[in-house]
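Summary of the model geometry
Below, each chain spelled out in residue letters.
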Amino acid sequence: MNPIDFVGALRESVHTFSPPVRSRLDVDFYKFTMGQFILKYYRDTQVVFKLIIRDKDIPVAAHINERELRDCLDYVMDLQFSRTDLYFLRGIDLYDKYMFKEDYLDYLRTSRLPPYQLKMEDGQIELTFSGSWVDVSPWETAALAIISELYYRSILRDVPAHELEIIYARAKDKIYSKLEKLLRHPNIRFADFGQRRRHSFLWQEWVVGLTKEMMGAQFTGTSNTWMAFHHDLPAIGTNAHELPMVATALANGDEEMRNAQYQVLKDWEAMYGQGLRIMLPDTYTSEQFFANAPAWLASWRGVRQDSGDSVSRGELYLKWFESHGADPKEKLILFSDGLDVDPMIMLDEYFHERTNPGHGWGSLFMNDFRGCHTGDELLRPFSMVCKVVEANGRPCVKLSDNPTKATGPKDEVERYKRIFGVGEQTAQAVIV
């Protein structure tokens, strides 16, 4: 591994413009799989995405300079895909040979991210992106990565150099310790899901390189497309909540709204075939999803768990597969909700004899500096998202298996709960 001078890079960012995102590939891979899908099925749909900072104890706006944020957003807005970027995407055959078709690659060749709307006042960052859905969607993970890195730069900017060296040494030791612990559980398989709320681009690159070197087959890949390209790793990703959220918002009438989440998956299977068939059932709660799910979904490869109690969710998934004649041992449950090493070990031990557990390890993989700077409670990962909030003028709603993660206007959330038959839910703390 090549050494990275984290302290020097942090010091240099004070005097020299250093954008946190420097490539159109530096986004989660599902932005490309979904982008091709959106281009085909929702080319004319207009959307609005909005930054939502869930953690009210983190003063993000107080630590981010508006001019610096605008400069970084402007920089990304001007980025284009290079020929090498497009060659890489064209050659991806992890799930299907030539999974990205030429019409989508032609679109990417000339695409630009649309303008943003930013206002900072009363200690809040109001950041939205609007326009054609296929154009706007990539802003999500790029914007989050920018805000995350600018925040941590600000927190550490005035820390003396010798203290910074100690902070990064402690953070490195934490990563080594976590990976060494996972090595003692060789059945565990995990991927990097940390791009959106990483400490920095350089930190993610170092951790990815280290993990590839240490973990072998236990490390299954990364959701960051740039990291996958430059570290010769599988690019991991399928689809996200925004697909059923937009499809449901565009539906007319209660029945069509309830069916939209399944129609999206039917169209997804028609586009991608066998390889990308991972369900994400919790948009309007997993209970209602599986209570009404069509039998053909039993042939899908597996399920991603992203909210609620991981064990009870896993039990629900396995029970549904069994009731539809599918062998759970042939299925994958990909856990991705606020994971760290001990929960991954627990879930693997609980499920490994009955199914194939996998893990999407995010913020506590790529941004665990907790306790690395004595007395500084602000140097920790925090929960923020960038969600679609409007489609063709209609509000978009997410309910989730954890009501703390619900998004949308309060009256619309209540309307959706009625339509989808969602009763009382147990709120859980959102870790990251």
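See the structure above.
Report follows, based on the coordinates. (Residues numbered from 1 in each chain as written. Predicted model: local features only at pLDDT ≥ 70, side-chain atom pairs only at ≥ 80, totals over all residues. Heavy atoms only, no water.)

What to know about the packing of aromatic side chains
Taken as a whole and assessed by the stated rule, the structure comprises 39 aromatic pairs. Ring centres of Phe37 and Tyr41 lie 4.8 Å apart, and the angle between their planes is 40°; on these two criteria the pair is classed as tilted. Of this pair, Phe37 and Tyr41 both sit in helix α2 (residues 30-41), four residues apart, roughly one helical turn. Take Phe37: its relative accessible area is 0%, and that puts it in the buried class. Geometrically, the ring pair formed by Phe190 and Phe365 is edge-to-face, given 5.9 Å between the ring centres and 80° between the ring planes. Pair noted here: Phe190 is in strand β4 (residues 190-192) and Phe365 is in helix α16 (residues 363-366), with a separation of 175 residues, a long-range link. Connected via pairs of aromatic rings, a cluster forms that spans Phe6, Tyr168, Tyr176, Trp203, Trp206 and Phe369. We note Lys172 situated over the ring of Trp206; from NZ or CZ to the ring centre the distance is 5.2 Å. (Phe/Tyr/Trp six-rings, centres within 6.5 Å; stacked < 30°, edge-to-face > 60°. Helix = DSSP H or I, 4+ residues; strand = E, 2+ residues; numbered from the N terminus. Buried < 20%, exposed > 50% of the residue type's maximum accessible area, 1.4 Å probe, protein only. Lys NZ or Arg CZ within 6 Å of the ring centre and 35° of its normal.)

Structural notes on the pairing of strand β9 (residues 356-361)
Most of β9 sits out of view: five of its six residues are buried. Across three bridges, β4 lies against β9 in parallel orientation. What sits directly across from Asp192, in β9, is Trp361. Bridging between strand β8 (residues 332-335) and β9 involves four bridges; their strand directions are parallel. Along β9, the bridge assignment pairs Leu334 with Gly358. Chirality of the crossover, the property in question, places the unit of β8, helix α15 (residues 341-351) and β9 among those that are right-handed. (Pairing = 2+ DSSP bridges. Right-handed = clockwise from strand over helix to strand, strands pointing away.)

Examining the side chain of Asn402
Relative to the helices and strands, Asn402 is located in the loop between β11 (394-395) and α17 (410-419). On the accessibility criterion, Asn402 (2% relative accessible area) is buried. From its side chain, Asn402 meets the backbone oxygen of Gln428 in a polar contact 2.9 Å long. Once you skip the residues sitting within four places of it in the chain, Asn402 turns out to touch Ser307, Gly308, Gln425, Thr426, Ala427, Gln428, Ala429 and Val430. (Polar contact = N/O pair within 3.5 Å; in protein donor to acceptor, adjacent residues only side chain to side chain. Contact = heavy atoms within 4.5 Å.)

Structural notes on the packing of helix α8 (residues 161-183) against helix α9 (residues 201-215)
One can describe the packing of α8 onto α9 by two numbers: an axis separation of 11 Å at closest approach and a directional angle of 30°. For the element pair α8 / α9, the angle class is roughly parallel. Crossing of α8 over α9 shows right-handed handedness. Two secondary-structure elements touch here, α8 through Tyr168, Ala171, Lys172, Ile175, Tyr176, Leu179, Glu180, Leu182 and Leu183 and α9 through Trp203, Trp206, Val207, Leu210, Thr211, Met214 and Met215. Its residues assigned to classes, the contact of α8 with α9 shows 13 nonpolar, one polar and two charged. (Axes fitted to C-alpha atoms, helices over the stretch in contact; angles between N-to-C directions. Parallel < 35°, antiparallel > 145°, perpendicular 65-115°, else oblique. Left-handed = near helix turned anticlockwise from the far one by under 90°. Nonpolar A, V, L, I, M, F, W, Y, C, P; charged D, E, K, R; others polar.)

Quick notes on the environment of Ile38
Secondary-structure assignment places Ile38 in helix α2. The buried category is assigned to Ile38, whose relative accessible area is 0%. As for Ile38 and Leu243, which are separated by 205 residues in sequence, their C-alpha atoms are 8.4 Å apart. Beyond its immediate sequence surroundings of up to four residues, Ile38 is in contact with Arg43, Trp133, Val134, Glu242 and Leu243.

With respect to the sheet that holds β9
The parallel open sheet is built from six strands, whose spatial order is β5-β4-β9-β8-β7-β6. Every interior strand has two partners, whereas the edge strands, β5 (219-222) and β6 (278-279), have only one. Together, β6, β7 (302-305) and β8 form the strand contacts of helix α14 (residues 310-323), whose direction differs from that of β7 by roughly 160°.

Describing the sheet that holds strand β10 (residues 384-391)
Reading across the sheet, the five strands line up as β2-β3-β1-β10-β11 and stay open at both edges, with antiparallel pairing between neighbours. Only two strands of the sheet have a single neighbouring strand rather than two, namely β2 (116-121) and β11. In this structure, strand β1 (residues 46-53) lies alongside strand β3 (residues 124-132), joined through five bridges in antiparallel fashion. By the bridge assignment, Val47 is partnered in β3 with Gly131. Packing against the sheet, helix α3 (residues 66-77) makes contact with β2 and β3, and its axis sits at approximately 170° to β2. The strands touched by helix α7 (residues 139-156) are β1, β2, β3 and β10; relative to β10, the strand with the most contacts, the crossing angle is about 145°.

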